[in-house]
Amino acid sequence: MNLFDYEDGREGYFGEYGGCFIPEILYSTVTELKDCFNDAKKDPKFWQEFVELMHNYSGRPTPVTYLKNLSEHLGGAQIYVKREDLNHTGSHKINNVMGQGLLCKRLGKERIIAETGAGQHGFATATMSARMGFDCKIYMGAVDVARQRPNVFWMENLGAKVIAVTDGQQTLKDAINECMRDWVSNMEDTHYALGTACGPHPFPEIVSYFQSIVGKEAREQLLANGAKLPDKVFACVGGGSNAMGIFQGFLDDENVELIGVEAGGHGPGLGKHAARIAYPDATTGIAQGYKTKYLQNSDGNMLDTHSVSAGLDYIGVSPILAHLADVGRVRFDAATDVEVTETLKLLMTIEGLIPALESTHAFVSAIKEAKTMNKDQVVLVNQSGRGDKDIFTVAEALDDTKWKTFIKERANLYV
Amino acid sequence: MSNQLENFCRQTAQEKDLMLMTHVVCGYPSFDDNWRMLELMDENGADIVELQFPFSEPSADGPLFVQANQAAVDAGVTVQDCLDFMKKASERFSFKILMMGYLNTAWKMGYEKFTDALVDAGASGFILPDLPVEECKDLHALSETKGLAPIMLMTPTTPTERLHKIAATAKGLIYVVARKGVTGTKTQMSTELEDFLARCKEATDLPLAVGFGVSCKEDTDFLKGKADMAIVGTASLRAWLNGGEQELGTFLKNLK
Ligand SMILES: Cc1ncc(COP(=O)(O)O)c(C=O)c1O
């Protein structure tokens, strides 16, 4: 399946989704980016350069870990985990970011802007900018700034300027709007490093291209470990970049089932979650530069969304995944906030893993299904990130009294 | 087929050295305020008024219009409210009315229903800044049959070849974006803009309306003889917010 071999007149489309709905002023800039990316893609040395950079700077290849305890505990399928949490900066976001950094150099631009939800993409972008010498500005919804302070702290200390966006719902979508506004004003010297497999063409393709390193590695590692190809692969889906990353390793393996897990938040019901495909609430729309399934009202205005994890709390979804869902190649499920907290507790105590709240969504569905599978079957979960950044949210969800006391004591030091 | 809006512009251009297009965000601060704004715009010689249908993701707008869109959406302003207001305005005033907004409003309604609704409400056309020329075929074909003008944007970064492509699908007039950036910040009227206008004129015979940052008499004076129409958006909303009808009235009078 070559997703990026577009039909004539349908460049940037995946089935009915995708496209490039940008203000005219950006046309030349986006064309320049597209040309630059297409050249890089054709240059065999470019991918090599990217892979070497990731090995050297981010600790790739990240391992695939067999979860012996959990598999035995559940008594079903054998569970393996792709450890994107072990990347530098703690998530898969760095894959796309380093790649776009290389593109930015090729473009000859000196300034990088990026949106961020959980802060992982912003954190990775700030790191890359420091390393490659770019001037960096990160837009982040004010609500997300409040729930992800540790990442904001690191971004600022890495030399990035973090702007808290107070428009709209003050989350990821509003940060994307703000990036577009910056970009239309500063495109000559600025590259917009979009952080997920969404947005106008060519972003879904670019982000998927760099993230494909995850699935390529995972497939080889499983086979080299003596395991068979997985029966099922699970990944959480915010915008869809980690899911596209791991899924691309198995798209052509027809017997490998691919499952995307969205944020079920408080459960079904308009405004209570961020599940665009698993729940029936989203409809096709055009916003933020591309066509996909959006959580919107009948006038086409976007609805509020909710998730315990900032990184999944988004109105739209990768047009590529919306298409793969339509054609039945990817199945979608949702995990609720409550399920996520419970699953995180289990993973910590039984395997010593601390996945990000985002990634824990994938585990919720994987665990449910693994239980009902046979012992000779294999499940692969993409642990897209590590949970350290979520310590405040998790401690609150677990209602940890010692943590609360600690915070109060620390706060007293600053009065 | 020559377009109704185009004919109107051509006729009006004979009487005026520079036409005026103004802008109102529907339901912001309120529809009552909007009505008073329209009366003042009418009195002060507005030839065309854009009625912006509020959208939750106004990514091409600057801070003031973002705030206006958001407040209107939060206040529960619906597409139907905007259409009702548009109908009332088109019956009362002689200026032409354009729907301005984002593509999703049209898409979600369905292009057939959207164009019918605009005709019914008395609009002459629409401006959708996130509808690029590659994607406009279906909506433009429908508009053509209903006599609506789909307004296209030309920008300083648009390659010349592409200006011609845009001109080929535009009707009524061309919205010339004076500079990069979003709506609402001041534009330095310059020889660069003059050069760009010359490029636009090579690509199209349609009347040229210049917007983005046009905010004072100096700007409109600059445009006289170089373009056909000035588009004043954010500056008039700012005047209203600063000093209500008095300030807006003075602001519009001083533009001439
Ligand atoms: C650890 C982690 N996983 C997943 C996501 C969701 O993004 P995507 O769906 O693009 O992988 C995020 C986003 O911030 C994240 O930080």
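Not measured: the values here are computed from a predicted model.

Details of the domain arrangement of chain A
All names here are of chain A.
Phase 1 of the analysis: Here chain A is partitioned into domain 1 (26–53 + 92–203) and domain 2 (56–90 + 212–397).
Phase 2 of the analysis: Computed over C-alpha atoms only, the centres of domain 1 and domain 2 are separated by 22 Å.
Phase 3 of the analysis: Of the residues lining the interface, 34 residues belong to domain 1; the matching set on domain 2 comes to 41 residues.
Phase 4 of the analysis: Summing the contributions of domain 1 and of domain 2, the shared interface buries around 2,900 Å²; its carbon and sulfur component is 57%.
Phase 5 of the analysis: Linking domain 1 to domain 2 there are one salt bridge.
Phase 6 of the analysis: A salt bridge links Asp313 to Arg147, with the nearest nitrogen and oxygen atoms 3.0 Å apart.
Phase 7 of the analysis: Connecting domain 1 to domain 2 are 18 residue pairs in polar contact (both at pLDDT 80 or more).
Phase 8 of the analysis: The set of elements that each furnish at least two residues to the side of domain 1 that touches domain 2 consists of α2 (44–58), α4 (93–107), α5 (120–132), α6 (142–147), α7 (149–157) and α8 (172–186).

Thoughts on the confidence of the model for chain B
Phase 1 of the analysis: Mean pLDDT over chain B stands at 95; residues scoring 70 or higher make up 99%.
Phase 2 of the analysis: Quick note on the complex model: pTM equals 0.97, ipTM equals 0.96.

A short note on the environment of Ala275(A)
Residues and elements named next belong to chain A.
Phase 1 of the analysis: Structurally, Ala275 is set in the loop between β10 (257–265) and β11 (283–287).
Phase 2 of the analysis: The sequence separation of Ala275 and Pro202 amounts to 73 residues, and the corresponding C-alpha distance is 24 Å.
Phase 3 of the analysis: For Ala275, the contacting residues outside a window of four places in its chain are Glu262, Ala263, Leu295 and Ala334.

A closer look at the interface of chain B and chain A
Phase 1 of the analysis: Every contact between the two is made by 36 residues of chain B and, on the other side, 36 residues of chain A.
Phase 2 of the analysis: Summed over both sides, the interface between chain B and chain A buries roughly 2,800 Å², with carbon and sulfur atoms accounting for 52% of that surface.
Phase 3 of the analysis: Where the side of chain B that touches chain A is concerned, the elements lending two or more residues are α3 (63–74), α5 (103–109) and α8 (160–169) of chain B.
Phase 4 of the analysis: Broken down by element, the residue count for the side of chain B that touches chain A peaks at five residues, all from α5(B).
Phase 5 of the analysis: Partitioned by chemical class, the residues of the side of chain B that touches chain A number 17 nonpolar, 10 polar and nine charged.

A short note on the pattern of salt bridges
Phase 1 of the analysis: Within this structure, the stated rule accounts for 43 salt bridges over all chains.
Phase 2 of the analysis: The partner of Arg386(A) in a salt bridge is Asp388(A), and the shortest N-O contact between them spans 3.6 Å.
Phase 3 of the analysis: Residue class for Arg386(A) comes out partly exposed when judged on its relative accessible area of 32%.
Phase 4 of the analysis: With a shortest N-O distance of 2.9 Å, Glu245(B) and Arg36(B) are connected by a salt bridge. Taken together, the positions of Glu245(B) in helix α11 (residues 234–255) and Arg36(B) in helix α2 (residues 31–43) put the pair 209 residues apart, joining distant regions of the chain.
Phase 5 of the analysis: Each of Glu24(A), Glu134(B), Arg162(B) and Lys165(B) takes part in one network of salt bridges that share partners.

A word on the pairing of strand β4 (residues 78–83) of chain A
Residue and element names in this part refer to chain A.
Phase 1 of the analysis: By the criterion of burial, β4 is predominantly enclosed, with six of the six residues buried.
Phase 2 of the analysis: Burial along β4 is two-sided: the residues Gln78, Tyr80 and Lys82 and Ile79, Val81 and Arg83 are all buried.
Phase 3 of the analysis: Sheet topology places strand β3 (residues 64–66) next to β4; three bridges connect them, and they run antiparallel. Directly across from Val64, in β4, lies its bridge partner Lys82.

Focus on the site of the ligand
Residues and elements named next belong to chain A.
Phase 1 of the analysis: Close contacts around the ligand come from 19 residues, with Thr196, Gly238, Gly240, Ser241 and Ser384 the closest.
Phase 2 of the analysis: In the model, an oxygen atom of the ligand is placed 3.1 Å from a nitrogen or oxygen of the Gly239 main chain.
Phase 3 of the analysis: Here the ligand has 390 Å² of accessible area as a free molecule, and 97% of this is covered by the chains.
Phase 4 of the analysis: Taken together, the residues of the shell around the ligand sort by class into five nonpolar, 12 polar and two charged.
Phase 5 of the analysis: For the shell around the ligand, the two domains that each supply at least three residues are domain 1 (26–53 + 92–203) and domain 2 (56–90 + 212–397).

Thresholds, definitions, all that
- Residues numbered from 1 in each chain as written.
- Chains lettered and ligands numbered in written order.
- Predicted model: local features only at pLDDT ≥ 70, side-chain atom pairs only at ≥ 80, totals over all residues.
- Heavy atoms only, no water.
- Domains from an automatic or database assignment.
- Contact = heavy atoms within 4.5 Å.
- Buried area = accessible area lost by both parts, 1.4 Å probe.
- Salt bridge = Lys/Arg side-chain N within 4 Å of Asp/Glu carboxyl O.
- Polar contact = N/O pair within 3.5 Å; in protein donor to acceptor, adjacent residues only side chain to side chain.
- Helix = DSSP H or I, 4+ residues; strand = E, 2+ residues; numbered from the N terminus.
- pLDDT = per-residue confidence, 0-100.
- Nonpolar A, V, L, I, M, F, W, Y, C, P; charged D, E, K, R; others polar.
- Buried < 20%, exposed > 50% of the residue type's maximum accessible area, 1.4 Å probe, protein only.
- Pairing = 2+ DSSP bridges.
- Near = heavy atom within 4 Å.
- Areas by Shrake-Rupley, 256 points an atom, 1.4 Å probe, with all protein chains shown as cover.

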